[in-house]
Amino acid sequence: MDILKPQRLRSGDTVAVVSTSWGGPYVFPHVFDKGVAVLRERFDLAVREMPTTRMSPDDLMRDPQRRATDLNDAFADPEVHAIVATIGGNESARILQYLDVDTIRANPKVFMGYSDTIAQLAFVHQLGLVTFQGPAVMAGFAQLENFPEAQRHIRSLLFDPQDMYTYQPYSQWTARYEDWNDPECDGRVTTPVGHDGWHWVSGSGTAVGQLFGGCIEVLEFLKGTDYWPSRDFWRGRIVFFETTEEKPTIDQIRSWLFNYGLQGVFHSASALLFGRARDYSPEEKIDLDVAIREVVVDQFGAVDLPIVTNLDFGHTDPQWIMPLGVRAEIDCAKKSFRLLEPAVR
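The structure contained in this document is the topic of the report that follows. (Residues numbered from 1 in each chain as written. Predicted model: local features only at pLDDT ≥ 70, side-chain atom pairs only at ≥ 80, totals over all residues. Heavy atoms only, no water.)

### Section: the nonpolar core
Logical step 1: Within the largest apolar cluster, 115 residues are counted, with the highest numbers of intra-cluster contacts made by Leu 158, Phe 266, Leu 272 and Leu 273.
Logical step 2: The contact partners of Leu 158, leaving out residues within four places of it in the chain, are Arg 8, Leu 9, Val 110, Met 112, Phe 132, Ile 321 and Val 344. (Core = buried A, V, L, I, M, F, W, Y, C linked by side-chain atoms within 4.5 Å. Buried < 20%, exposed > 50% of the residue type's maximum accessible area, 1.4 Å probe, protein only. Contact = heavy atoms within 4.5 Å.)

Written out as C-alpha cells, the structure is:
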C-alpha cells in the first residue's frame, strides 16, 4: 500500500483541535486552555476549535455523527494543516462509520492523539495515510513546558524532518499531574523521576518495518470488526502497544497477546515494542516482561522477534510521537531505535 505523508508544519499553520472522544475541555477548561496556549506560544500555531470541541461529555456521547462531522470538516478544510485530539476517552470507535473516507484520503495532514484516539488513527492509517500517536492537547501539550526535550522532539518529527531520526530516552518522566479539579492547575506535573531504562527482552539482529500500534486496550475494541487489519497487513510491521491509567492486569495483557499470537502476528511482524506501563511498579514491569516473553516466545515460538519494553511513549509524560506507517529500525546489538525516513514531507 502506498502511504501518503502530510506536509510538515510551519510557523503560522492552523491546527484544528477536536473532541472526537470525551468532552474534556468542557469539564476542565483551564487545562484545555493551557494546552491551546502551548500550541500557540511554543509552536506558533493558529488554533481552531471545531463546533463540538467544548461540548459536554453527555452531548458528545449521544452524537457520534456530529463528532465525525467535525473530523471530516477538519480534513476537508484547506486552511487546516494539522488535527490534534483534545484528549482520549473510551468510545471514539463509534464515529468510524460516519467518517468520509474519500475526503480523508484526498487530504493527508498531521492527525495526532493517543489512548482512545488510536481507534481513529488506526482506521485512517489503513486508508493509506501516515497518522501520529503522540501528545493530545490536554494530556501532553498542556504539560509540555515541563519538558524542553519533548518540545525539541516534536519539532524534529513534525516541523523539521530529518532523513533519519534516532529516538533517545527522555532524561525525566512522570505519570502524575496536579489535580485538574483545582482551577489554578495549569498543566503542571508532579514527582518527575529519572529515566528508568529500556528493557531489551528478547530477539537479536536488526528489524525493519513500518510502525503500527497504539493503546492495547483500545485496539481490543476493533478486533472482529470491519476496522481490524487483515492478516496480510501485519507482515513486516514493527508493532507497538501501550497501556492506560486503568492499569490492565498482567493476565489481561497476556490474554490479549495470546489473541495476536493466534492471528499469526508474531511470525509476521518484524518487532514488538511496549511503552512504559503506566502505574506499574519496577517489579511489576519485570513481571510484565516475563509474561510477554512467555506468550510471544514460549507459546508462539517467535524466538528471534526483537521485543523491547519500557519505551518512552504512551500514558506517561513526556511521550514520543510514533508515526503509523513510517519505516523504522530496531537494532538489538546497538540497542537503538530509529526512523528510516521522515514522517512528513
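On we go.
### Some thoughts on the sheet that holds strand β5 (residues 131–133)
Strand pairing in a sheet relies on backbone hydrogen bonds. The paired strands run either parallel or antiparallel.
Logical step 1: The strand order β2-β1-β3-β4-β5-β16 describes an open sheet built from six strands, whose pairing is mixed. Across the chains shown, the open sheet's two edge strands, defined by having one partner strand only, are β2 (46–49) and β16 (322–324). Direction aside, the axes of adjacent strands within the sheet are offset by 25° on average.
Logical step 2: Inspection of the sheet shows strand β1 (residues 14–18) paired to strand β3 (residues 80–85) by five bridges, in the parallel sense. The residue of β3 that forms the bridge with Val 18 is Ala 85.
Logical step 3: This element, helix α4 (residues 64–76), spans β1, β3 and β4 (110–113) of the sheet and lies at about 150° to β3.
Logical step 4: Its contacts with the sheet place helix α6 (residues 118–126) against β4, β5 and β16, and it is angled at close to 150° to β5. (Pairing = 2+ DSSP bridges. Helix = DSSP H or I, 4+ residues; strand = E, 2+ residues; numbered from the N terminus. Axes fitted to C-alpha atoms, helices over the stretch in contact; angles between N-to-C directions.)

### Re the pattern of salt bridges
It is possible for side chains of opposite charge to pair when their charged atoms get near one another.
Logical step 1: As enumerated under the stated definition, the model contains 22 salt bridges in all.
Logical step 2: In this structure, the salt-bridge partner of Glu 49 is Arg 54, at a minimum N-O distance of 2.8 Å.
Logical step 3: Taking relative accessible area as the criterion, Arg 54 reaches 34% and is therefore assigned partly exposed.
Logical step 4: Arg 276 is paired through a salt bridge with Asp 312; the nearest N and O atoms lie 3.6 Å apart. Taken together, the residues Arg 276 in the loop between β14 (271–275) and α11 (282–299) and Asp 312 in the loop between β15 (307–311) and β16 connect sequence positions 36 residues apart.
Logical step 5: Residue class for Asp 312 comes out buried when judged on its relative accessible area of 0%. (Salt bridge = Lys/Arg side-chain N within 4 Å of Asp/Glu carboxyl O.)

### Description of the environment of Trp 198
Logical step 1: Relative to the assigned elements, Trp 198 resides in the loop between β10 (193–194) and β11 (199–202).
Logical step 2: Remark: the alpha-carbon pair of Trp 198 and Asn 310, spanning 112 residues in sequence, is separated by 5.0 Å.
Logical step 3: In terms of polar contacts, Trp 198 uses its side chain to reach the side chain of His 195, at 3.4 Å.
Logical step 4: A polar side-chain atom of Trp 198 sits 2.9 Å from a polar atom in the side chain of Asp 312. (Polar contact = N/O pair within 3.5 Å; in protein donor to acceptor, adjacent residues only side chain to side chain.)

### Details of the sheet that holds β11
Logical step 1: Taken together, the eight strands give an open sheet; going across it, the order is β6-β18-β17-β12-β13-β14-β15-β11, and neighbouring strands pair in mixed fashion. Edge positions in the sheet fall to β6 (165–166) and β11, since each of these pairs with one other strand and no more.
Logical step 2: Pairing between β6 and strand β18 (residues 336–339): two bridges, direction antiparallel. Within the sheet, the bridge partner assigned to Tyr 165 lies in β18 and is Leu 339.

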